[in-house]
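As a plain string of letters, each chain reads:
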Amino acid sequence: MNIDKIEVSENNISFVIYPKKNVVIINNKEYNIETKTIEDLIKIISIWDHEYYDSSYMDGNTFEVVVYSNNEKDIFRGIRGVPRNYDSFSKLVWSIYDRR
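In this text the structure is predicted, and so the values were computed from the model without any measurement.

With respect to the environment of Phe63
With respect to the helices, strands and loops of the structure, Phe63 is situated in strand S6 (residues 62-69). Overall, Phe63 belongs to the buried group, its relative accessible area being 3%. Separated by 39 residues in the primary sequence, Phe63 and Val24 place their C-alpha atoms 18 Å from one another. Look past the residues within four positions of Phe63 in its chain and what remains in contact with it is Ser9, Glu10, Trp48, Tyr52, Phe76, Arg77, Gly78, Gly81, Val82, Pro83, Tyr86 and Phe89.

Here it is, written out as C-alpha cells:
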C-alpha cells in the first residue's frame with residue numbers, strides 16, 4: 001500500500017489513518033488499525049466520484065476523504081449528496097471512530 005495518510009471526516013467526527021504504520025489518530029490519541037479495515041475503506045471510496053452535492057434540501061450529511069500518496073492528494077467530498085455505497089462508508093467510519 002503506497003498511501004501515506006488518509007484524512008476522514010463525516011459530519012462531526014474526524015480521524016487520520018497512517019496505513020504504513022497501521023495507526024489511526026482520533027482526538028489526538030493513537031490507536032491500532034487493521035490492514036483489512038484500511039483496505040475496506042479504500043475499496044469503498046475507489047468507486048466514488050470526487051464531488052457529491054445536492055441542493056434540493058438544506059440539512060444533510062457532509063463528508064470528506066483526502067488520500068495522500070506520492071506527494072499528491074486525492075479529495076472526495078460531499079454536501080448532502082452521497083455515493084450509492086455511503087451507508088457502508090458511514091458504518092466503517094463509525095466502527096473506526098468507536099475505538100476511542
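Let's talk about helix H1 (residues 35-45)
Restricting attention to buried positions, one finds in H1 the residues Thr37, Ile38, Leu41, Ile44 and Ile45. Take H1 and look down its axis: the buried residues cluster within an arc of 125 degrees, on one side only. Those residues of H1 that are exposed and angled more than 90 degrees off the buried face are Lys36 and Lys43. Packed against the buried residues of H1 are strand S1 (5-10), strand S2 (13-18), S6, strand S7 (72-79) and helix H2 (86-97).

Notes on the packing of aromatic side chains
Two aromatic rings are characterised by how far apart their centres lie and by the angle between their planes. For the structure shown, the criterion picks out 8 aromatic pairs. Judged by centre distance (5.0 Å) and plane angle (70 degrees), the ring pair of Trp48 and Phe89 falls under edge-to-face. Of the two residues, Trp48 is situated in the loop between H1 and strand S5 (51-53) and Phe89 in helix H2; the sequence distance between them amounts to 41 residues. Of the two residues examined, Trp48 and Phe89, each falls in the buried class. In this structure, Lys5 packs its charged tip against the face of Tyr68, placed 4.6 Å from the ring centre. Stacked on the ring of Tyr18, the Lys or Arg Lys21 has its end atom at 6.0 Å from the ring centre.

Some remarks on the sheet that holds S1
Two pairing modes exist for strands in a sheet, parallel and antiparallel, and in both the strands are linked by backbone hydrogen bonds. The mixed open sheet is built from 7 strands, whose spatial order is S4-S3-S2-S1-S6-S7-S5. Both edges of this open sheet fall to strand S4 (29-32) and S5, since each of them pairs with a single strand only. Averaged over all neighbouring strand pairs, the angle between strand axes comes to 15 degrees, with direction disregarded. As paired elements, S1 and S6 share 6 bridges and run antiparallel to each other. By the bridge assignment, Val8 is partnered in S6 with Val65. Its contacts with the sheet put H2 on S1, S2, strand S3 (23-26) and S6, and the angle it makes with S2 is roughly 80 degrees.

Focus on the packing of H1 against H2
Between H1 and H2, the shortest axis-to-axis distance is 10 Å and the interhelical angle comes to 155 degrees. Taken together, the axis directions place H1 and H2 in an arrangement best described as roughly antiparallel. When you trace H1 past H2, the crossing you get is left-handed. Along its contact with H1, which presents Thr37, Asp40, Leu41 and Ile44, the element H2 presents Ser88, Phe89, Leu92 and Ile96. Here the contact of H1 with H2 is composed, by residue class, of 5 nonpolar, 2 polar and 1 charged.

Parameters at a glance
- Residues numbered from 1 in each chain as written.
- Predicted model: local features only at pLDDT ≥ 70, side-chain atom pairs only at ≥ 80, totals over all residues.
- Heavy atoms only, no water.
- Helix = DSSP H or I, 4+ residues; strand = E, 2+ residues; numbered from the N terminus.
- Buried < 20%, exposed > 50% of the residue type's maximum accessible area, 1.4 Å probe, protein only.
- Contact = heavy atoms within 4.5 Å.
- Arc of directions from axis to C-beta.
- Phe/Tyr/Trp six-rings, centres within 6.5 Å; stacked < 30°, edge-to-face > 60°.
- Lys NZ or Arg CZ within 6 Å of the ring centre and 35° of its normal.
- Pairing = 2+ DSSP bridges.
- Axes fitted to C-alpha atoms, helices over the stretch in contact; angles between N-to-C directions.
- Parallel < 35°, antiparallel > 145°, perpendicular 65-115°, else oblique.
- Left-handed = near helix turned anticlockwise from the far one by under 90°.
- Nonpolar A, V, L, I, M, F, W, Y, C, P; charged D, E, K, R; others polar.

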